[in-house]
Amino acid sequence: MVTSKAFVLRKEDFQSQSSKLHERGSIEFVEIPDPGPGEVLVRNYAAGINFNNVWSLRGTPANPFQMIDNHVRRNLRDKHHQRDFQIIGSDSAGVINAVGPGVEGWKVGDEVVVHCHVFDDADTKFGEDSLLSESQSIWGYETNFGAFAEYSLVRSSQLIQRPLDLTWEEAASYDLTLSTAYRMLISPNGANLRPGEVCLVWGAAGGLGLFAIQLAKNIGAHVIAVVSSEERADECKNFGADAIINRSKMKHQLLNDDGSPNPMAWREYKKLLDQFGLGLPDVVFEHVGRETLALSIFLAKRGGRIVTCAATSGAESLIDLRYLWLGVKRLIGSHIATLEEARLASELVSTGKIKTTVSTIRNLDEIGQLLADFENGQFVGKAVVRIA
Ligand code: NDP
């Protein structure tokens, strides 16, 4: 058992609805249990900020403590995760401090990046795609003892060797969003983007987006990046985007007041794509959800793929199915990535083919305000907290 400084959510914080993120969570010292079978204790040096931290603090779409209870129902060996506090955080880099029974291939002192996909590795009936396992959870979101602490408890099946040329902050910044974008775009489990194809990326200067641009360019695809400012447009161009849509300059709102799609806006986007001369997108990289999904399906070319992992603007979306079936398009759901997909993505960082995208570094003590700023969309690329 070690005592660890940590950013901690308390059960009682969620008994009343609070609209301000920084009213939830506090820096405290809490006990982290010794690693059990298959687990290691990691001394974190830095931790990455992700949008799921915002979902945790909002307590929606699910209460964090109910999510841990559900995780334990699927993973009975994780009963020790049920506490009156939760340490969130799903990206970290650090050094292995202690190793539990049965851990093979890792030892005290190894420098690691922690991948957030947790599953019961005894559940082998789904072959290589462990995302299909009912036991699947996200570390530091649906489990306890996450990244925003000096020490974290993780399964050895979450570990990736740290790319040595990176700073600790860079190493902690990329795994969750890069591996998610990798599965969505490159993996045969996702859209399987091909050289020469065209990919439209929503939120292209965000955590997922800057990696999506780089992954697509790395295999020789063309990228149309959608952003909301000129500053973000420039950032996307620096990462290789071939064409930019600045959505803040569009004349028409995507949705009518009743939430139905606005055909005037669809025509405006289509006209802009025609002007780029790249053709309609073979693949649309979606995560915005309610406000953009119908348009994404409309814009994809015949036989195109729309791959999505999220619904930042809302999970219920009104779509016109005719554009899906008449255009023989495919809508693909994707969620995080297997350890193998994460390793392949991390290899691209190690070999310099993908650059990390850290724009903001703050100390652990400042994390409450950092998360509030992140919720307000203030950052390009990734934000990180320094822990050491
Ligand atoms: P970021 O906040 O870094 O970036 C999201 C970008 O989306 C913003 O920068 C913004 O760009 C754009 N955006 C937001 N609202 C709208 C809107 N209404 N219309 C068009 N664009 C919009 O977040 P991430 O990239 O890290 O994550 C994006 C989503 O993906 C989150 O909901 C997150 O929870 C989810 N996610 C899911 C994963 C999974 O495994 N299922 C893994 C990782 C993330 P701009 O204003 O410039 O257009």
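The coordinates are above.
Residues numbered from 1 in each chain as written. Predicted model: local features only at pLDDT ≥ 70, side-chain atom pairs only at ≥ 80, totals over all residues. Heavy atoms only, no water.

### Overview of the nonpolar core
Reasoning step 1: Grouped together as the largest cluster of nonpolar side chains are 50 residues, with contacts concentrated most on Leu178, Leu185, Ile213, Leu215, Cys236 and Phe285.
Reasoning step 2: With 7 residues, helix α5 (residues 207–218) is the single largest residue contributor to this core.
Reasoning step 3: For Leu178, the residues in contact, after removing those within four places along its chain, are Phe211, Leu215, Ala345, Ser346, Val349 and Ile354.
Reasoning step 4: Counting 38 residues, the second-largest nonpolar core is a separate cluster that includes Val112, Cys116, Leu159 and Leu364. (Core = buried A, V, L, I, M, F, W, Y, C linked by side-chain atoms within 4.5 Å. Buried < 20%, exposed > 50% of the residue type's maximum accessible area, 1.4 Å probe, protein only. Helix = DSSP H or I, 4+ residues; strand = E, 2+ residues; numbered from the N terminus. Contact = heavy atoms within 4.5 Å.)

### Some thoughts on the site of the ligand
Reasoning step 1: Lining the immediate surroundings of the ligand are 22 residues, of which Gly207, Ser228, Arg247, Thr312 and Ile336 lie closest.
Reasoning step 2: In the model, an oxygen atom of the ligand is placed 2.8 Å from a nitrogen or oxygen of the Gly207 main chain.
Reasoning step 3: Across the complex, the protein chains shield 88% of the 910 Å² of accessible surface that the ligand would expose by itself.
Reasoning step 4: Taken together, the elements giving at least two residues each to the shell around the ligand come down to α1 (51–58), α4 (175–185) and α5.
Reasoning step 5: Across the shell around the ligand, the residue classes tally to 9 nonpolar, 10 polar and 3 charged. (Near = heavy atom within 4 Å. Polar contact = N/O pair within 3.5 Å; in protein donor to acceptor, adjacent residues only side chain to side chain. Areas by Shrake-Rupley, 256 points an atom, 1.4 Å probe, with all protein chains shown as cover. Nonpolar A, V, L, I, M, F, W, Y, C, P; charged D, E, K, R; others polar.)

### With respect to the pattern of salt bridges
Reasoning step 1: Counted according to the given criterion, the structure contains 19 salt bridges.
Reasoning step 2: Here Arg162 ties to Glu111 by a salt bridge, and the two come within 2.9 Å at their closest N and O atoms. Remark: Glu111 occurs in strand β6 (residues 111–114) and Arg162 occurs in the loop between β10 (159–161) and α3 (168–173); sequence separation between them is 51 residues.
Reasoning step 3: When the shortest N-O distance is used, the salt bridge between Glu169 and Arg386 registers 2.8 Å. Of the two residues, Glu169 is situated in helix α3 and Arg386 in strand β18 (residues 382–386); the sequence distance between them amounts to 217 residues.
Reasoning step 4: Judged by relative accessible area, Glu169 falls into the buried class, the value being 13%.
Reasoning step 5: The class of Arg386 is partly exposed, set by a relative accessible area of 36%.
Reasoning step 6: The network of salt bridges with shared partners includes Arg10, Glu28 and Asp84. (Salt bridge = Lys/Arg side-chain N within 4 Å of Asp/Glu carboxyl O.)

### Things to note about the packing of α4 against α5
Two quantities define a packed helix pair, namely the angle between the axes and the distance from one axis to the other.
Reasoning step 1: Contact geometry of α4 with α5 gives a least axis separation of 9 Å together with a crossing angle of 50 degrees. The orientation of α4 with respect to α5, classified from their angle, is oblique. Between α4 and α5 lies a crossing whose hand is right-handed. For the pair α4 and α5, the contacting residues are Thr177, Leu178, Thr180, Ala181, Tyr182 and Leu185 in the first and Gly207, Leu208, Phe211, Ala212, Leu215 and Ala216 in the second.
Reasoning step 2: Considering only residue class, the contact of α4 with α5 consists of 9 nonpolar, 3 polar and no charged. (Axes fitted to C-alpha atoms, helices over the stretch in contact; angles between N-to-C directions. Parallel < 35°, antiparallel > 145°, perpendicular 65-115°, else oblique. Left-handed = near helix turned anticlockwise from the far one by under 90°.)

### Quick notes on the sheet that holds strand β2 (residues 26–32)
Two strands in a sheet stick together by hydrogen bonds in their backbones, pointing the same way (parallel) or opposite ways (antiparallel).
Reasoning step 1: Spatially, the 3 strands line up as an open sheet ordered β2-β1-β4, and their pairing is antiparallel. Of all strands in the sheet, those with a lone pairing partner are β2 and β4 (85–87), marking the two edges. With strand direction ignored, the average angle separating the axes of adjacent strands in the sheet is 60 degrees.
Reasoning step 2: When strand β1 (residues 2–10) meets β2, the two strands line up antiparallel, connected through 7 bridges. (Pairing = 2+ DSSP bridges.)

### As for unusual backbone geometry
Reasoning step 1: The omega torsion of the bond from Thr60 to Pro61 falls at 10 degrees, within 30 degrees of zero and hence cis.
Reasoning step 2: With respect to the helices, strands and loops of the structure, Pro61 is situated in the loop between α1 and α2 (64–74).
Reasoning step 3: Despite not being glycine, Phe145 shows a phi value in the positive range, around 60 degrees.
Reasoning step 4: Positionally, Phe145 belongs in the loop between β8 (137–138) and β9 (151–155).
Reasoning step 5: Even without being a glycine, Asn192 presents a positive backbone phi close to 55 degrees.
Reasoning step 6: Assignment of secondary structure puts Asn192 in the loop between α4 and β11 (198–201).
Reasoning step 7: With a relative accessible area of 25%, Asn192 lands in the partly exposed category.

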